[in-house]
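For reference, the chains in residue letters:
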Amino acid sequence: CLALPGWVAGRLRAHADGADAVASLLCNADPDNRSAAASALLLHRKRMRHTPPGDRLQAGLSYDRRVLERLGTFREDLRAGEDSDYKQRLLAVGARIAERDDVVTAHRYPGAPLELVRDQWRRGVRQARARAAVGLHERRRRLPYDTLRSAWRAVRGAARVPDPEERRRLLHGWPLVPVAALAYACGALAALVGDAARG
C-alpha cells in the first residue's frame, strides 16, 4: 500500500484530539486497471472515499499507545482477521475510533485476471479459517453465499457514485467481479470442506 499525503499528519491530529484509534480510507493505486478495479470493489467497497460516512467500515487503524498497553497485543495465531479481532476488543471497552478524510491509503490490487482469481481464492480460504479461529462459525458457513451477494451490492453501489469519473473507474472492473467473487466463494467453500474432512 501507499500512504497518500496527509496520512501521518491526519492520524496525529486525530490522536491529539483524543481518538483511541484512527481509521484509514482506501483508494485504488491503479484505478484504470480492470483487475485492480474488480478487486477493489470486492474487497473494500465499504472503505473507499466515495462510501457514505455512515456506511464505512472503520479499518486500517492506528492506535494510541495507551490502548495497546491496556488491551495487549494482537493475536499471533491468526493469519487473517487479527485486526478485526482487535477492533472488537477495542469496541468492547468503549474506545473511540475517529475517521478523517485526509487519512487515505492507496491499495495495490492484483493487476491481471489470473492474479486476481488466485488472490480471491486465497483470501476466501484465509477468511473462512480466520472466522473459525475467532469463533464466528455461523458467519463462516455463510461466507460463500455472503461473498456472492456482496459482489452484487458492490457493483450496484458503484453505479450510484455521484462523481462520473470515479463511477467510471469503479465500474471499469465490473466484468471481472462475478468470476473473482466465485473464486473467493470457492476458496471459502474449499476451506470449509477441507477442515470438516480433517475434523
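Predicted, not measured: the structure shown is a model, and the values here were computed from it. (Residues numbered from 1 in each chain as written. Predicted model: local features only at pLDDT ≥ 70, side-chain atom pairs only at ≥ 80, totals over all residues. Heavy atoms only, no water.)

Caption draft 1: Representation of the overall build of the chain in the model. Summing up its helical and strand segments, the chain has eight helices and four strands in all. Judged by the C-alpha coordinates and their principal axes, the chain covers about 50 × 45 × 25 Å. Taking all 199 residues of the chain together, 41% fall into the buried category. Once local pairs closer than 6 in sequence are excluded, the contacts in the chain between residues at least 24 apart make up 72%. When the accessible surface of the chain is summed, it comes to about 11000 Å², and 54% of that surface belongs to carbon and sulfur atoms. (Helix = DSSP H or I, 4+ residues; strand = E, 2+ residues; numbered from the N terminus. Buried < 20%, exposed > 50% of the residue type's maximum accessible area, 1.4 Å probe, protein only. Contact = heavy atoms within 4.5 Å. Areas by Shrake-Rupley, 256 points an atom, 1.4 Å probe, with all protein chains shown as cover.)

Caption draft 2: Quick look at the nonpolar core. Grouped together as the largest cluster of nonpolar side chains are 14 residues, with contacts concentrated most on Ala38, Leu41, Leu42, Leu116, Ala151, Leu170 and Val177. For this core, the secondary structure elements donating two or more residues are helix H2 (34-44), helix H6 (137-158) and helix H8 (177-198). Per-element accounting of this core gives the leading share, four residues, to H6. Here Ala151 is in contact with Leu42, Val177 and Ala181, once residues within four sequence places are set aside. In this structure, Ala21, Ala23, Tyr86 and Ile97 belong to the second largest nonpolar core, which totals ten residues. (Core = buried A, V, L, I, M, F, W, Y, C linked by side-chain atoms within 4.5 Å.)

Caption draft 3: Region of the structure containing the packing of aromatic side chains. Inspection of the entire model under this criterion finds three aromatic pairs. When the ring of Tyr63 is compared with that of Phe74, the centres are 5.8 Å apart and the planes differ by 75 degrees; the resulting orientation is edge-to-face. You can see Tyr63 sitting in strand S3 (residues 62-63) and its partner Phe74 sitting in the loop between helix H3 (65-71) and helix H4 (82-92), a full eleven residues away along the chain. You can call Tyr63 buried: its relative accessible area is 16%. Residue Phe74 is classed as partly exposed on the basis of its relative accessible area, which comes to 29%. Centroid distance Phe74 to Tyr86: 4.4 Å. Interplanar angle 25 degrees. Geometry classified as stacked. (Phe/Tyr/Trp six-rings, centres within 6.5 Å; stacked < 30°, edge-to-face > 60°.)

Caption draft 4: Just H4, in detail. Inspection of H4 places Asp85, Tyr86, Lys87 and Leu90 among the buried residues, and these make up the whole buried set. Gly94 lies just past H4 and shows a positive phi near 75 degrees.

Caption draft 5: Structural context of the confidence of the model for the chain. On average, the chain scores 88 in pLDDT, and the residues at 70 or more come to 93%. No element of the chain has a lower mean pLDDT than H6, at 79, and none a higher one than helix H1 (residues 7-16), at 96. (pLDDT = per-residue confidence, 0-100.)

Caption draft 6: Here's a closer look at the pattern of salt bridges. The tally for this structure, following the rule as stated, stands at 13 salt bridges. In this structure, Asp119 engages Arg123 in a salt bridge whose closest nitrogen and oxygen atoms are separated by 2.8 Å. Within this pair, Asp119 and its partner Arg123 are both found in helix H5 (residues 113-133), separated by four residues, close to a single helical turn. For Asp119, a relative accessible area of 12% puts it in the buried group. Among the charged side chains, a network of salt bridges with common partners joins Asp32, Glu165, Arg168 and Arg169. (Salt bridge = Lys/Arg side-chain N within 4 Å of Asp/Glu carboxyl O.)

Caption draft 7: Structural view of the sheet that holds strand S2 (residues 21-28). The four strands lie next to each other as S1-S4-S2-S3, forming an open sheet whose pairing is mixed. Edge positions in the sheet fall to strand S1 (2-3) and S3, since each has one partner strand and no second. In this sheet, S3 lies alongside S2 in antiparallel orientation, the contact comprising two bridges. Its bridge partner lying in S3, Ala21 is registered against Tyr63. Of the strands in this sheet, S1, S2, S3 and strand S4 (97-107) are in contact with H1, which crosses S4 at around 165 degrees. (Pairing = 2+ DSSP bridges. Axes fitted to C-alpha atoms, helices over the stretch in contact; angles between N-to-C directions.)

Caption draft 8: How the structure looks around the side chain of Asn33. Relative to the helices and strands, Asn33 resides in the loop between S2 and H2. Here Ala36 takes part through its backbone nitrogen, which lies 2.9 Å from a polar atom of the side chain of Asn33. Not counting chain neighbours up to four residues away, the residues in contact with Asn33 comprise Pro110, Gly111 and His172. (Polar contact = N/O pair within 3.5 Å; in protein donor to acceptor, adjacent residues only side chain to side chain.)

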